[in-house]
Amino acid sequence: MSEVGDGGPAVRRLAEWDEEDLVALAEEYETPLYVVDLDRVEENCVRLREAFPDADVRYAAKAHTGRDVLRTVREAGLGVECASAGEVERALAVGFPGDRVQYTAVNPPARDLDLVVERWREHPGLTVTVGAEDTVDRLRERGFDGRLCVRANPGVGAGHHEKVSTGANAKFGIPIERVADLATRWADEFDLVGVHAHAGSGISGEDLSAHRELVNRMGDLTREIESRVGPLEFVDVGGGFGVPYREDEPPLDLQAVAEATREALGAVDERGSADRRTASDDIGATLAIEPGRYVVADAGVLLTTVNTVKEARDATVVGVDAGMTTLLRPAMYDAYHAIANLSAAADTEEIDATVAGPICESADVLCEHRPLSRPERGDVLAVGNAGAYGYEMSSTYNSRPRPAEVALAGTTVRLARRRESLTDLTSLEQ
Ligand SMILES: *Cc1c(COP(=O)(O)O)cnc(C)c1O
C-alpha cells in the first residue's frame, strides 16, 4: 500500500500500467481477466478526502463490490452507500461499522427491507434513505424507527448518457418541493438525519452547472427543514464524479468541484478552512458525497485474448474472448474504453480495428474503427478504466461464465474472484 496521505496523480491512464506485468497475469490466470489495483483505489480515496476535507465521503459500492475493494475503501476512511440488501451485507461483512453504512432504497423488494431492518436491529447506526412515501410505511410496518434520510428528486440531472441521469428521472426520489413537509412529519417518528439527491453519473468540467444547481436546491431544502426541526446531520449531494475515459480527456478538477459544491450550498467560506465541520454557516448539516466510479474506474483494467482476426469490408474485426457479458458499458452506454495491444512490439503498424466479443449480438463490440497495433491471434489486449461497473455488470448470457479477477496490492497478487465454471452456470437448476 502507498503511504496514507498520498493521493497520487489525478488520473491513471492505460499506458501507465506495466505491460509485462499485465501479460504475465493474463498468462497465469488466463483471460478474460479483471485486474484491480488496490493501491490506486486507496489513492483515489485519499484524493477525494483531501479535496473535500469537511465532507463525509461515502463510496457508492455498486461500482465495484469486491471484498478487497470494500476493505481498502473502509481502511481509507470512507463510509459506504449501498443500493441493495446484498450490498449492505457485503459492507458489514468487511467490517464497516453500522454508522458508516447507508442503504438507499430504490423500489426496495420486501426481501431487501426485511434483511436491512434485521441488520439495523444489530447495527442501529445504519441509515436508510427513502425515495418514496410508501417505503416509509413499509419500514414502519417492520418496526423500523431509526436513522432516516429522505431522497429528493431535484428536477435536475446530469450524466454521460441519458441512461445514467437520475436527478430528473421520476423513478428516483420524492419531488423536492414535497420533501420538507414529509421530512418534518417523519422527524417525529424517526431519527431524521439527512437529505439526499443524486443527479446521475458523469459530472465533468462542462456539467458543473447542473451539479451546482442540484447542490443549490439541496442547500435550500436543508435550510428549510432545519428551520422547522433543527439541525440535520448531513446533506448528501450524491456521486457522479466523472473520469476521463478518453485518453486525451483531462481529469476532473476535484478542487473545482469541491469549491463549486461549497459555494452552491451557500457555504462561502473565504478562508477555505479545512477544519470546518459544517457545510455552511447557516446549515447545521455536514456535506456528504457518494462517489462510486471515481474511486475504482482507473484502478481496473480488463485483459482479453485475441482469438480471431478477420478482414471485413471496411475494417478489421478483431475477435476477443471478452464481450458485453464481461464489460457491458460499451454495449449499454456506447461507452468509450481505451484499448491497447500489449503483445505487439512498439513499432507495429496500426490498423483500423473493430474489437468484438463472442456473444451473438451486434451490440457486442468493445470498440469500432479504432487504431490498434495490428493484432495477431493470441495477443493480449488491455481495456482501460474497467474498474467501475465492469465486473459488477457482468452476466452469464450465452452461457458465458463470468471472468476471474485478481487484486494487486504493493507487490502482492491475489486471486480475488475465481473464474466461474460451466458447472457453476448450471448449479442452480433443479
Ligand atoms: C450510482 C450511485 C452513486 C454513484 O455514482 P457514480 O457515478 O459511480 O459516482 C451515488 N449515489 C447513488 C444513490 C447512486 O445510485
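Residues numbered from 1 in each chain as written. Predicted model: local features only at pLDDT ≥ 70, side-chain atom pairs only at ≥ 80, totals over all residues. Heavy atoms only, no water.

Enquirer: Tell me what's going on with the UniProt feature "binding site: pyridoxal 5'-phosphate" (unreviewed entry) in the chain, and back it up with residues and numbers.
Expert: UniProt marks Gly-240, Glu-290, Pro-291, Gly-292, Arg-293 and Tyr-389 with the feature "binding site: pyridoxal 5'-phosphate" (unreviewed entry), using the numbering shown here. Among the secondary structure elements, Gly-240 is positioned in the loop between strand S9 (234-236) and helix H9 (254-264). With respect to the helices and strands, Glu-290 occurs in the loop between strand S10 (286-289) and helix H10 (293-296). There is a polar contact of 3.0 Å between the side chain of Glu-290 and the side chain of Gln-102. (UniProt positions renumbered as here; feature names shortened; annotations may be inferred. Helix = DSSP H or I, 4+ residues; strand = E, 2+ residues; numbered from the N terminus. Polar contact = N/O pair within 3.5 Å; in protein donor to acceptor, adjacent residues only side chain to side chain.)

Enquirer: Would you mind going over helix H7 (residues 176-187) in detail, with residue names and values included?
Expert: Along its 12 residues, H7 runs 17 Å from first to last C-alpha, staying within 8% of the 16 Å computed at 1.5 Å per residue. What H7 keeps buried is the set Ile-176, Val-179, Ala-180, Leu-182, Ala-183 and Trp-186. Next to the buried residues of H7 lie strand S5 (127-130), helix H6 (133-141), strand S6 (147-153), strand S7 (174-175), strand S8 (191-196) and helix H8 (208-229). (Expected span 1.5 Å × (residues − 1). Buried < 20%, exposed > 50% of the residue type's maximum accessible area, 1.4 Å probe, protein only. Contact = heavy atoms within 4.5 Å.)

Enquirer: Quick one: what's the story with the packing of helix H2 (residues 38-51) against helix H3 (residues 67-75), residue by residue and with numbers?
Expert: Remark: H2 packs on H3, axes separated minimally by 9 Å, with the N-to-C direction vectors making an angle of 35°. Two packed elements cross with a definite hand, and for H2 against H3 that hand is right-handed. Contacts from Leu-38, Val-41, Glu-42 and Cys-45 of H2 reach H3 at Asp-68, Val-69, Thr-72 and Val-73. Classifying every residue of the contact of H2 with H3 gives 5 nonpolar, 1 polar and 2 charged. (Axes fitted to C-alpha atoms, helices over the stretch in contact; angles between N-to-C directions. Left-handed = near helix turned anticlockwise from the far one by under 90°. Nonpolar A, V, L, I, M, F, W, Y, C, P; charged D, E, K, R; others polar.)

Enquirer: How would you explain the packing of aromatic side chains if you had to name every residue and give the values?
Expert: Counted under the stated rule, the structure contains 4 aromatic pairs. Residues Tyr-34 and Tyr-391 carry aromatic rings whose centres are separated by 6.1 Å and whose planes lie at 70° to one another, so their mutual orientation is edge-to-face. Pair noted here: Tyr-34 is in strand S1 (residues 33-37) and Tyr-391 is in the loop between strand S16 (380-383) and strand S17 (404-409), with a separation of 357 residues, a long-range link. Of the two residues, Tyr-34 and Tyr-391, both sit in the buried class. A connected cluster of aromatic rings, assembled from ring pairs, spans Trp-120, Phe-144 and Phe-190. Between Arg-12 and the ring centre of Trp-17, over which it is positioned, the NZ or CZ distance is 4.1 Å. Against the face of Phe-234 rests Arg-58, its NZ or CZ located 4.0 Å from the ring centre. (Phe/Tyr/Trp six-rings, centres within 6.5 Å; stacked < 30°, edge-to-face > 60°. Lys NZ or Arg CZ within 6 Å of the ring centre and 35° of its normal.)

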